[in-house]
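Listed below are the residues making up each chain.
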Amino acid sequence: MVDDLELQESDEQDLFEHLRIVVDKGQTLLRIDKFLINRVENASRNRIQNAIAAGTVLVNGQQVKASYKVKPQDVISVVLPHPPRDTEIYPENIPLDIYYEDDDLLIVNKPAGMVVHPGYNNYAGTLVNALVYHFSKFPHLPGNDGRPGLVHRIDKDTSGLLVIGKSEWALTYLAKQFFDHSITRKYIALVWGDLSEDGTVSGYIGRSMKDRKVMAVYDTPDKGKWSVTHYRVLERLNYVTLIECQLETGRTHQIRAHLQSIGHPLFNDAVYGGDRILKGTVFSKYKQFVENCFTLLPRQALHAQSLGFQHPTSKKQLEFTSPLPTDFSSCLEKWRGYAMNNE
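Keep in mind that this is a model prediction, so the values were computed, not measured.

Novice: Teacher, can you tell me more about the overall build of the protein chain here?
Specialist: From N to C terminus, the protein chain includes eight helices and 17 strands. Out of the 343 residues belonging to the protein chain, those deemed buried represent 52%. Look at the contacts in the protein chain between residues 6 or more apart in sequence, and 70% of them connect residues 24 or more apart. Summing over all exposed atoms, the protein chain offers an accessible surface of approximately 16,100 Å²; the carbon and sulfur share of this is 48%.

Novice: When you look at the nonpolar core in this model, what are you seeing that I'm missing?
Specialist: The nonpolar side chains of soluble globular proteins are, as a tendency, buried together. Of all hydrophobic cores here, the largest spans 29 residues; its most connected members are I164, Y187, I243 and C245. Looking at this core, the elements that each hand over two or more residues are strand 8 (105-110), helix 4 (127-135), strand 10 (159-165), strand 11 (184-192), strand 14 (225-237), strand 15 (240-247), helix 6 (254-261) and strand 16 (302-310). Element by element, the count of residues in this core is highest for helix 4, at five residues. Apart from the residues within four sequence positions on either side, Y187 is in contact with I154, T158, I243, E244, C245, L247, I255, L302, H303, A304 and Q305. Among the nonpolar cores identified, the runner-up in size contains 20 residues, and Y286, F289, C293 and Y338 belong to it.

Novice: Explain helix 4 to me, please; I cannot follow it from the model alone.
Specialist: Among the nine residues of helix 4, eight are classified as buried, and the element is accordingly described as predominantly covered. Those residues of helix 4 that fall on the buried side of the exposure criterion are L127, V128, N129, A130, L131, V132, H134 and F135. The elements touched by buried residues of helix 4 are strand 7 (98-101), strand 8, strand 9 (149-150) and strand 10.

Novice: Just checking my understanding: could you explain the pattern of salt bridges for this structure?
Specialist: Once their charged atoms are close, side chains differing in charge can pair, the charge on each being opposite to the other. Taken as a whole, this structure holds 11 salt bridges when the rule is applied. Its salt-bridge partner being R47, residue E168 comes within 3.7 Å of it at the nearest N-O pair. With E168 in helix 5 (residues 168-179) and R47 in helix 3 (residues 45-53), this residue pair connects regions lying 121 residues apart in the sequence. R47 matches E168 in its accessibility class, with the two residues each being buried.

Novice: Looking at this structure, how should I read the packing of aromatic side chains?
Specialist: To describe a pair of aromatic rings, one takes the distance between the centres and the angle between the planes. Taken as a whole and judged by the stated rule, the model has 16 aromatic pairs. Considering the side-chain rings of W169 and Y173, the 5.5 Å spacing of their centres and the 40° angle between planes classify their relative orientation as tilted. Placement of both W169 and Y173 in helix 5 is noted, with a separation of four residues, approximately one turn of the helix. Summarising the burial analysis for this pair, W169 and Y173 share the class buried. Taken together, the ring pairs connect W192, Y239, F267, Y286, F289, F294, W335 and Y338 into an aromatic cluster.

Novice: When you look at the environment of G125 in this model, what are you seeing that I'm missing?
Specialist: Here G125 is to be found in the loop between strand 8 and helix 4. Between the C-alpha atoms of G125 and Y90, which are 35 residues apart in sequence, the distance is 9.8 Å. The contacts of G125, once residues within four sequence positions are left out, are E92, I94 and M114.

Novice: Can you help me understand unusual backbone geometry in this one?
Specialist: With glycine set apart, most residues show a phi of negative sign, and most peptide bonds adopt trans. Here the phi dihedral of N60 falls at roughly 55°; this positive angle occurs in a residue that is not glycine. Tracing the sequence through the fold places N60 in the loop between strand 3 (57-59) and strand 4 (62-63). Using a relative accessible area of 47% as the deciding quantity, one classes N60 as partly exposed. Unlike most non-glycine residues, H253 shows phi in positive territory, near 55°. Along the chain, H253 turns up in the loop between strand 15 and helix 6.

Novice: What is the right way to look at the environment of Q246 in this model?
Specialist: Its location among the elements puts Q246 in strand 15. Assessed through its relative accessible area of 29%, Q246 is described here as partly exposed. Residues Q246 and T184 lie 62 residues apart in sequence; the distance between their C-alpha atoms is 7.4 Å. Residues within four places of Q246 in sequence aside, it is in contact with T184, R185, K186, V228, T229 and H230.

Novice: Where do I start with the pairing of strand 10 in this structure?
Specialist: Looking along a regular strand, one sees the side chains alternate between the two faces of the sheet. Most of strand 10 is tucked away: seven of the seven residues are buried. Bridge count for strand 8 against strand 10 is six bridges, and the pairing is antiparallel. Its bridge partner lying in strand 10, V108 is registered against L162. Of the pairings in the sheet, the one linking strand 10 to strand 16 comprises two bridges and is parallel in character. Looking at strand 16, one finds that S159 is bridged to H303.

Novice: Could you clarify how one ought to interpret helix 7 (residues 284-296) in this entry?
Specialist: Residues that lie three or four places apart on an α-helix share one face, since the helix turns once every 3.6 residues. Between the first and last C-alpha of helix 7 there are 18 Å, a value that for 13 residues agrees with the 18 Å anticipated at 1.5 Å per step. For helix 7, the elements touching its buried residues are strand 11 and helix 8 (326-341).

Novice: Help me out: how do you make sense of a positive patch on the surface in this one?
Specialist: Taken together, the side chains of K34, R45, K69 and K71 present a region of like positive charge at the surface. Inspection of the secondary structure puts K69 in strand 5 (residues 69-70).

Novice: Could you clarify how one ought to interpret the side chain of D102 in this entry?
Specialist: Inspection of the secondary structure puts D102 in the loop between strand 7 and strand 8. In this structure, D102 is buried with no salt-bridge partner, the nearest side chain bearing the opposite charge being K166 at 6.1 Å. A polar contact is formed between the side chain of D102 and the side chain of Y100, at a distance of 2.6 Å. Setting aside residues up to four positions removed in sequence, D102 forms contacts with K166 and H311.

About the criteria used
- Residues numbered from 1 in each chain as written.
- Predicted model: local features only at pLDDT ≥ 70, side-chain atom pairs only at ≥ 80, totals over all residues.
- Heavy atoms only, no water.
- Helix = DSSP H or I, 4+ residues; strand = E, 2+ residues; numbered from the N terminus.
- Buried < 20%, exposed > 50% of the residue type's maximum accessible area, 1.4 Å probe, protein only.
- Contact = heavy atoms within 4.5 Å.
- Areas by Shrake-Rupley, 256 points an atom, 1.4 Å probe, with all protein chains shown as cover.
- Core = buried A, V, L, I, M, F, W, Y, C linked by side-chain atoms within 4.5 Å.
- Salt bridge = Lys/Arg side-chain N within 4 Å of Asp/Glu carboxyl O.
- Phe/Tyr/Trp six-rings, centres within 6.5 Å; stacked < 30°, edge-to-face > 60°.
- Pairing = 2+ DSSP bridges.
- Expected span 1.5 Å × (residues − 1).
- Patch = residues over 30% accessible without salt bridge, like charges linked within 9 Å, V, L, I, M, F, W, Y side chains within 5 Å.
- Lys, Arg positive; Asp, Glu negative; His and termini not counted.
- Charge placed at Lys NZ, Arg CZ, Asp CG, Glu CD.
- Polar contact = N/O pair within 3.5 Å; in protein donor to acceptor, adjacent residues only side chain to side chain.

This is how it looks when you write it as structure tokens:
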């Protein structure tokens, strides 16, 4: 059973604040940086100025400079990274699989089984605990208070790539790209059944009315948040299909809930019904084969394979790709062997 931590943490919009402010009719002309420092809780001058420079502060839909004078009835939209936390985070010497690192950010390949951020009943052993220890060995960087900033997450039992901001500027710039859905993210998934063609799943994701620890896809906005997943068939293997999923949004359990909603849950996803035989024969030999696959891959078959985004400082487009971990690739090879022997 999924613990409530995943549902509390997974929605990426929880990792940044989105504020909408309508300026009072009696407001006197005032620089927007000074105006926002007084209006945004826990906002330092540096935090506000970084947001303005990164283009995450809009006035009437347009980017402005810090010197812009706020006028009555202006509509101000602000995106700021990492809302204040109320949990103390302690460094732990946990090895990290770092794909890339510079003064602004690093790319981490998270193993399955690791929780991303401390929370209820999970205050130690998380990726953030490891990152705090890792950052403690680096000189102080502007805007970095020793607590690494997340702009997205992946579920505990999903493996793959995460980008981490190391400074206030980097966090703000990356948060803007996630908010605008301009970051490219692709996942590899093994699903039950034969997906006949490429497609898109969309809908409003919210907590299930039947089980509050599971997410469901709804048709109306009053029940959840809008979500979009595009998928592409990579390989058909008799009773399972290997696909690539590309996210437009980052909702809690998005891929898992979307694929379950169209009748193709992830292979061995215990939360969404993929941990039992859903397709195939009734023969005991086949049942044993599937059980062996479950043993090889004791989690949902989902891997965050690639990330693409614009670097905060150089403005270059960066692309990173992570190979399938051993548990996933071993299970996949067994299905390939099964499919070949049953052609």
